[in-house]
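In case you want the letters, here they are:
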Amino acid sequence: MKTETSIQGLSASLQTARAARKVIGFVATMGNLHEGHINLVREARRLCDVVVVSIFVNPTQFGPNEDFDNYPRTLEQDSHLLAEAECDILFAPSVEQMYGSRPRLTNIRVEKITEDLCGLQRPGHFDGVALVVTKLLNIVQPTYAFFGEKDYQQLAVIRQFVQDLSIPVDIIGVPITRAADGLALSSRNGYLSEEQRNTAPIIYQLLQQAKAKLLQGVALDVVLNDVKQGLDQAGFVVDYVEARATNLLHVETFEQDVVLFVAAKLGNTRLIDNLMVKYSKSIG
Ligand code: AMP
């Protein structure tokens with residue numbers, strides 16, 4: 001595996017692959033890699049000739065009170081994991097390399113779907129994501145780019161601006177990788193105390209119970225309220241428990257496929273999860 005830290009170096013490394021019309025797959029990460037990230041790399045490996053993974057903790061997607069400075073940076077360990085997963089090129093640029101020294105005057109804002117769910121508590125977050133992902137897609141110019149359904153809203157935002165800006169890439173969504181106890185893997189799980197880590201899987205248990213109730217015909221608002229109460233009782237501070245259509249539009253009732261979304265804090269650690277529930281006419 002090659003490591004490149006400059007845009008020029010990366011372009012040079014990809015030159016032969018591009019000339020030979022190889023299928024380039026790309027996975028964008030902020031590092032501190034776990035099995036969830038590695039699954040994206042495996043999916044890229046399966047579908048592509050050349051796999052590029054970026055590790056870049058992107059300052060523009062962190063709010064002033066968020067964990068940018070303390071976000072775990074574990075490049076050496078990540079590099080081993082990527083080599084094992086047969087990544088071809090690790091792109092690990094500095095903030096300078098990505099953003100340059102001149103002031104930035106361009107923003108990329110996706111409307112509506114960023115003003116909901118995580119966008120409410122994290123103003124500007126998805127603008128930062130849209131900006132860095134656009135830049136990375138321009139730099140790498142992959143055939144396919146892989147993003148996790150763990151960040152379902154992020155995936156929807158990326159699909160939207162890729163379509164709106166006619167970026168020539170296929171976006172592939174990859175299902176959530178979970179720990180054996182159901183907790184969605186996340187770099188932020190490392191912030192949890194042992195006790196909090198034992199509590200955290202309740203999120204997924206409640207989502208599964210909610211799914212079962214919906215399939216039995218219990219009303220959507222009742223089901224969402226049960227999840228909220230369950231989280232409250234377990235000691236979470238709930239940010240939101242919501243249902244949306246798969247395109248993130250609002251839904252009042254369960255009469256089509258819905259995605260259930262949870263964001264909740266355990267101590268200072270904000271955890272998110274989601275679960276899709278498919279609708280069939282025979283429900284209830
Ligand atoms: P991050 O490093 O948190 O920016 O995540 C990089 C990519 O990995 C994003 O596309 C995430 O959605 C994806 N990802 C992170 N955790 C998981 C997981 N548990 N399952 C699936 N994808 C994930």
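Scoring rules and cut-offs
- Residues numbered from 1 in each chain as written.
- Predicted model: local features only at pLDDT ≥ 70, side-chain atom pairs only at ≥ 80, totals over all residues.
- Heavy atoms only, no water.
- Domains from an automatic or database assignment.
- Buried area = accessible area lost by both parts, 1.4 Å probe.
- Salt bridge = Lys/Arg side-chain N within 4 Å of Asp/Glu carboxyl O.
- Near = heavy atom within 4 Å.
- Polar contact = N/O pair within 3.5 Å; in protein donor to acceptor, adjacent residues only side chain to side chain.
- Areas by Shrake-Rupley, 256 points an atom, 1.4 Å probe, with all protein chains shown as cover.
- Helix = DSSP H or I, 4+ residues; strand = E, 2+ residues; numbered from the N terminus.
- Nonpolar A, V, L, I, M, F, W, Y, C, P; charged D, E, K, R; others polar.

**Some details on the domain arrangement of the protein chain**
The domain architecture assigned to the protein chain consists of domain 1 (2–174) and domain 2 (187–275). The straight-line distance from the C-alpha centre of domain 1 to that of domain 2 is 26 Å. Of the roughly 1600 Å² buried between domain 1 and domain 2, counting both surfaces, carbon and sulfur atoms make up 53%. Here domain 1 is connected to domain 2 by two salt bridges. Close ionic contact of D116 with R244 constitutes a salt bridge, the shortest N to O distance being 2.6 Å.

**Digging into the site of the ligand**
Inspection of the region around the ligand gives 16 residues, with M30, G148, D151, T177 and L185 positioned closest. With respect to the ligand, the side chain of D151 contributes an N or O atom lying 2.6 Å from an oxygen atom. Within the backbone of T177, a nitrogen or oxygen atom sits 2.8 Å from a nitrogen atom of the ligand. Surface burial for the ligand is 92%, taken as the share of its 480 Å² of free accessible area covered by protein chains. Breaking the shell around the ligand down by element, the ones donating at least two residues are β2 (24–29), α2 (35–47) and β5 (144–148). Broken down by element, the residue count for the shell around the ligand peaks at three residues, all from α2. Per-class residue counts for the shell around the ligand are seven nonpolar, seven polar and two charged.

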